[in-house]
Amino acid sequence: MATVVGTTGGMVHLVHQGLMKITLFFAAGLFKETVGVSRIDQMDGLGRRMPWTSAAFTVGAAGMIGLPPTAGFVTKWFLGAGAVQSAHPWVLGVLLTSSLLNALYFLPVVYRMWFRASCAQARAEDAAAAPHSPADDDGVRAVPEPAAMLVPVLITAGFSVAVAVLAAVPYAPLDLAGRIAEGVHR
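(A) The packing of aromatic side chains, seen in detail. In the structure shown here, the tally under the stated rule is 5 aromatic pairs. Their ring planes at 50° and their centres at 6.2 Å tell us that Phe31 and Phe57 sit as a pair that is tilted. Remark: Phe57 occurs in helix α3 (residues 51–65) and Phe31 occurs in helix α1 (residues 4–35); sequence separation between them is 26 residues. For Phe31, a relative accessible area of 2% puts it in the buried group. Ring pairing ties together the aromatic residues Phe31, Phe57, Tyr105 and Phe106, which thus form one cluster.

(B) Region of interest: the layout of surface pockets. Quantified by volume, the largest pocket comes out at close to 290 Å³. As for the largest pocket, its lining consists of 14 residues, and the residues nearest its centre are Leu24, Ala28, Met43, Phe57 and Tyr105. Secondary structure elements with two or more residues in the lining of the largest pocket: α1 and α5 (90–115). Looking at which element gives the most residues to the lining of the largest pocket, the answer is α1, with 5 residues.

(C) Representation of the pattern of salt bridges within the structure. In this structure the tally under the stated criterion is 4 salt bridges. A salt bridge links Arg112 to Asp44; the shortest N-O distance between them is 2.4 Å. Here Asp44 lies in the loop between α1 and α2 (46–49) and Arg112 lies in helix α5, a separation of 68 residues in the sequence. For the pair formed by Arg112 and Asp44, the shared burial category is buried. Here Asp44 and Arg116 are joined by a salt bridge, their closest N and O atoms 3.8 Å apart. Within this pair, whereas Asp44 is found in the loop between α1 and α2, its partner Arg116 is found in the loop between α5 and α6 (119–129), the two being separated by 72 residues in sequence.

(D) Just the nonpolar core, in detail. Core analysis: the biggest nonpolar cluster contains 26 residues, and Phe31, Met43, Leu46, Phe57, Phe106 and Met113 have the highest contact counts within it. Counting residues per element, the ones that place at least two in this core are α1, α3, α5 and α7 (147–165). With 6 residues, the top contributor of residues to this core is α1. Not counting chain neighbours up to four residues away, the residues in contact with Met43 comprise Phe31, Val37, Val109, Arg112 and Met113. Counting residues in each nonpolar core, the second largest holds 6 residues, with Val12, Val74, Ala164 and Ala167 among its members.

(E) Structural context of the confidence of the model for the protein chain. On average, the protein chain scores 89 in pLDDT, and the residues at 70 or more come to 88%. Here residues 129–139 is a poorly scored stretch, pLDDT under 50, and it has 12 contacts once near neighbours within four places are set aside; other chains count.

(F) Layout of helix α8 (residues 173–184). Taking 1.5 Å per residue, 12 residues should reach 16 Å; α8 reaches 16 Å between its end C-alpha atoms and fits that length. Among the residues making up α8, those that are buried are Leu174, Ala177, Gly178 and Ala181. An end-on view of α8 places all buried positions within 100° of arc, on one side of the element. As for α8, its buried residues are in contact with α1 and α4 (71–85).

(G) Fine view of a nonpolar patch on the surface. A contiguous nonpolar surface patch, about 280 Å² in accessible area, is contributed by Ile22, Phe25 and Phe26. Mapped onto the fold, Ile22 is located in helix α1.

(H) A look at the side chain of Ser54. If you trace the backbone, Ser54 turns up in helix α3. Residue Ser54 is classed as buried on the basis of its relative accessible area of 0%. Among the polar contacts listed, one links the side chain of Ser54 to the backbone oxygen of Met50, at a separation of 2.9 Å. With sequence-adjacent residues up to four places away left out, Ser54 is seen in contact with Phe31, Leu46, Gly47, Met113 and Trp114.

Criteria and cut-off values
Residues numbered from 1 in each chain as written. Predicted model: local features only at pLDDT ≥ 70, side-chain atom pairs only at ≥ 80, totals over all residues. Heavy atoms only, no water. Phe/Tyr/Trp six-rings, centres within 6.5 Å; stacked < 30°, edge-to-face > 60°. Helix = DSSP H or I, 4+ residues; strand = E, 2+ residues; numbered from the N terminus. Buried < 20%, exposed > 50% of the residue type's maximum accessible area, 1.4 Å probe, protein only. 1 Å grid on protein atoms, 1.4 Å probe; cavity = no way out; pocket = protein on both sides within 12 Å on 5 of 7 lines; lining within 4 Å. Points joined across faces, edges and corners; volume = space filled by probe spheres on them. Salt bridge = Lys/Arg side-chain N within 4 Å of Asp/Glu carboxyl O. Core = buried A, V, L, I, M, F, W, Y, C linked by side-chain atoms within 4.5 Å. Contact = heavy atoms within 4.5 Å. pLDDT = per-residue confidence, 0-100. Expected span 1.5 Å × (residues − 1). Arc of directions from axis to C-beta. Patch = residues over 30% accessible without salt bridge, like charges linked within 9 Å, V, L, I, M, F, W, Y side chains within 5 Å. Areas by Shrake-Rupley, 256 points an atom, 1.4 Å probe, with all protein chains shown as cover. Polar contact = N/O pair within 3.5 Å; in protein donor to acceptor, adjacent residues only side chain to side chain.

Laid out in structure tokens, this is it:
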């Protein structure tokens, strides 16, 4: 895939992958430090408890899958175009397989965060339905997301979208990678 487009995709992939993964790691750290989540099965309902962190995690996950408008989409698009230009269309299968595997891993986690009730919420709903039982909603309330940890995850998630939406802007990572690739292929 030693074409300008393929080389551009490979180089920008390093920057974009870094943005998406650091977003996921920052979010995981916030989940661990704020509410003690250390396993996927503990992530039920986190979207309601920690909406900003969960949104950032969702952006990082969408990027890893390669969904627009994220950095991962731009990366996979350029790698795929480079594969077609270099007469290696089998690489498209690798990219699609990568996207599928990432979707199989991340979408259930995102679903848990946004669409499943937390154990505490399920207990509260059961208690509310039972006669003369007070609902315990301690696990359902929004959790304060510490600004010192939240701001970096929101910045990296924002950049993960911005580098895709503004990919054609001069001096964006894609533009710089393209300039370097053109210089290498002269």
